[in-house]
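# Tertiary structure, described
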Amino acid sequence: QVQLVESGGGSVQPGGSLRLSCAASGSMVSINSPGWFRQAPGKQRELVAKITSGGRTDYADSVKGRFTISRDGAKNTVYLQMSSLKPEDTAVYYCNALIVSLADPVVRAYWGQGTQVNVSS
């Protein structure tokens, strides 16, 4: 069974940094366009950043220049380095990827369970 497991969330003061990790496990044929979304209380889930297999990255305007997404293909892990954090970055962060598994050989969107990020003084 394919799973995405996030880690690295927590509480930090404004201006601080955090690094989120998302590890994919299970019998997978391919992982495509892994990315990070976030959802703040009372708001819709929004795309934060994504990365293609070719290494192209896309970011929400609100995080450009502050967040960096990267991936380690050998470890099936995607990272989100967050710097210069602001209170408005407070949200639950979710990992997402389009995965083809051996047990279900069609492209499906998988989500992690989410990790909380709190930015406050």
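Residues numbered from 1 in each chain as written. Predicted model: local features only at pLDDT ≥ 70, side-chain atom pairs only at ≥ 80, totals over all residues. Heavy atoms only, no water.

### Some points on the pattern of salt bridges
The final tally for this structure, using the stated rule, is six salt bridges. Notably, a salt bridge pairs Glu46 with Arg38, separated by 2.7 Å at the nearest N-O pair. Here Arg38 falls in the buried class, since its relative accessible area comes to 6%. Salt bridges sharing partners connect three or more residues here, namely Arg38, Glu46, Arg66 and Asp89. (Salt bridge = Lys/Arg side-chain N within 4 Å of Asp/Glu carboxyl O. Buried < 20%, exposed > 50% of the residue type's maximum accessible area, 1.4 Å probe, protein only.)

### Quick word on the side chain of Ser101
Within the element layout of this structure, Ser101 appears in strand β9 (residues 91-101). You can call Ser101 buried: its relative accessible area is 5%. For Ser101, the side chain forms a polar contact with the main-chain nitrogen of Asp104, separated by 3.0 Å. (Helix = DSSP H or I, 4+ residues; strand = E, 2+ residues; numbered from the N terminus. Polar contact = N/O pair within 3.5 Å; in protein donor to acceptor, adjacent residues only side chain to side chain.)

### Details of the sheet that holds strand β3 (residues 18-25)
Taken in spatial order, the four strands make up an open sheet running β1-β3-β8-β7, and their pairing is antiparallel. Each having just a single partner strand, β1 (3-7) and β7 (67-72) make up the two edges of the open sheet. Ignoring which end each strand starts from, the neighbouring axes of this sheet average 15 degrees apart. Inspection of the sheet shows β1 paired to β3 by five bridges, in the antiparallel sense. The partner of Ser7 across the bridge, within β3, is Ser21. (Pairing = 2+ DSSP bridges. Axes fitted to C-alpha atoms, helices over the stretch in contact; angles between N-to-C directions.)

### Quick word on the environment of Lys64
Examined against the element boundaries, Lys64 turns out to sit in the loop between β6 (57-59) and β7. The sequence separation of Lys64 and Val48 amounts to 16 residues, and the corresponding C-alpha distance is 9.2 Å. Only 3.1 Å separates the side chain of Lys64 from the side chain of Asp61, close enough to count as a polar contact.

### Regarding the side chain of Thr115
Positionally, Thr115 belongs in strand β11 (residues 115-119). Looking at Thr115, its side chain comes within polar contact range of the main-chain nitrogen of Gly9, at 3.3 Å.

### Looking at unusual backbone geometry
The phi dihedral of Asn76 falls on the positive side, at around 50 degrees, and the residue is not glycine. Inspection of the secondary structure assignment puts Asn76 in the loop between β7 and β8 (77-82). Positive phi outside glycine occurs at Ser84, with the angle close to 50 degrees. Take Ser84: it is sitting in the loop between β8 and β9. For Ser84, a relative accessible area of 41% gives the class partly exposed.

Don't take any of this as a statement about function, it's just geometry.
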